[in-house]
Amino acid sequence: MDITFRTQKLKKTFNSDKKLKQTYNAHMALIIKLRLAVLKNVRNLTMVPITPPLRRHQLKGKRKGQYAIDLVPPYQLVFKPANDPIPYRQDGGIDTDRVTVITILEVVDYH
């Protein structure tokens, strides 16, 4: 899957081991790198596991249209489909089989 970032700052942080460790800590940086490796090596969003440790899940409410995967509790890596146009199923849901590009939005504890 192709990965883009919401901001240039986030892209620089995620592409630098040093900045990743400075921003989050060594353990969190390792988990983020592992999660990114999984995201980069799947063909589409459906292939990202919905079971732990990743636990891909679609978000609701003001985060509708976004997804998250687990990092170090309580933190989540939040992203959204970035295909143009976003692929939808007939029932109106996002067609995860056809999502091949995502945009990383943030690392956050939204609970």
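Our structure is the block above this text.
Because the structure is predicted, anything quoted here is derived from the model rather than measured.

**Considerations on the pattern of salt bridges**
- Within this structure, the stated rule accounts for five salt bridges.
- With a shortest N-O distance of 3.1 Å, aspartate 95 and arginine 98 are connected by a salt bridge.
- What makes arginine 98 partly exposed here is its relative accessible area of 45%.

**Concerning the packing of aromatic side chains**
- Enumeration over the complete set of coordinates arrives at three aromatic pairs.
- Aromatic pair phenylalanine 5 and phenylalanine 14: ring centres 5.5 Å apart, planes at 55°, arrangement tilted. Just as phenylalanine 5 is buried, phenylalanine 14 falls in that class too.
- With a centroid separation of 6.0 Å and 15° between ring planes, the pair formed by tyrosine 67 and phenylalanine 79 is classed as stacked.

**A word on a positive patch on the surface**
- A grouping of Lys9, Lys12, Lys18 and Lys19 is seen on the molecular surface, where their side chains present a positively charged patch.
- Breaking the positive patch down by element, the ones donating at least two residues are helix H1 (8-14) and helix H2 (17-24).
- For lysine 18, the position within the fold is in helix H2.

**Re the sheet that holds strand S4 (residues 76-81)**
- Ordered in space as S1-S5-S4-S3-S2, the five strands form an open sheet in which the pairing is mixed. Whereas interior strands pair on both sides, the edge strands pair on one side only; in this sheet they are strand S1 (2-5) and strand S2 (57-58).
- Its contacts with the sheet place helix H3 (residues 26-40) against S1, strand S3 (67-70), S4 and strand S5 (101-108), and it is angled at close to 165° to S5.

**Details of the pairing of S4**
- Of all six residues making up S4, five are buried, and the element is well covered by its neighbours.
- With four bridges joining them, S3 and S4 adopt antiparallel strand pairing. If you follow aspartate 70 over to S4, its bridge partner there is glutamine 76.
- One ladder, built from six bridges, connects S4 with S5; its direction is antiparallel. When the bridges of S5 are listed, lysine 80 appears paired with threonine 103.

**Considerations on the packing of H2 against H3**
- Here H2 crosses H3 at 125°, and the two axes come no closer than 7 Å. Looking at the two axes, H2 sits oblique to H3. As H2 runs across H3, the sense of the crossing is right-handed. Touching Asp17, Leu20, Lys21 and Tyr24 of H2 are Ala26, Met28, Ala29, Ile32 and Lys33, all from H3.
- Split into classes, the residues belonging to the contact of H2 with H3 amount to six nonpolar, no polar and three charged.

**Section: the environment of lysine 80**
- Tracing the sequence through the fold places lysine 80 in strand S4.
- Once residues within four sequence positions are removed from consideration, lysine 80 is found in contact with Gly65, Gln66, Val101, Ile102, Thr103 and Leu105.

Criteria and thresholds
- Residues numbered from 1 in each chain as written.
- Predicted model: local features only at pLDDT ≥ 70, side-chain atom pairs only at ≥ 80, totals over all residues.
- Heavy atoms only, no water.
- Salt bridge = Lys/Arg side-chain N within 4 Å of Asp/Glu carboxyl O.
- Buried < 20%, exposed > 50% of the residue type's maximum accessible area, 1.4 Å probe, protein only.
- Phe/Tyr/Trp six-rings, centres within 6.5 Å; stacked < 30°, edge-to-face > 60°.
- Patch = residues over 30% accessible without salt bridge, like charges linked within 9 Å, V, L, I, M, F, W, Y side chains within 5 Å.
- Areas by Shrake-Rupley, 256 points an atom, 1.4 Å probe, with all protein chains shown as cover.
- Lys, Arg positive; Asp, Glu negative; His and termini not counted.
- Charge placed at Lys NZ, Arg CZ, Asp CG, Glu CD.
- Helix = DSSP H or I, 4+ residues; strand = E, 2+ residues; numbered from the N terminus.
- Pairing = 2+ DSSP bridges.
- Contact = heavy atoms within 4.5 Å.
- Axes fitted to C-alpha atoms, helices over the stretch in contact; angles between N-to-C directions.
- Parallel < 35°, antiparallel > 145°, perpendicular 65-115°, else oblique.
- Left-handed = near helix turned anticlockwise from the far one by under 90°.
- Nonpolar A, V, L, I, M, F, W, Y, C, P; charged D, E, K, R; others polar.

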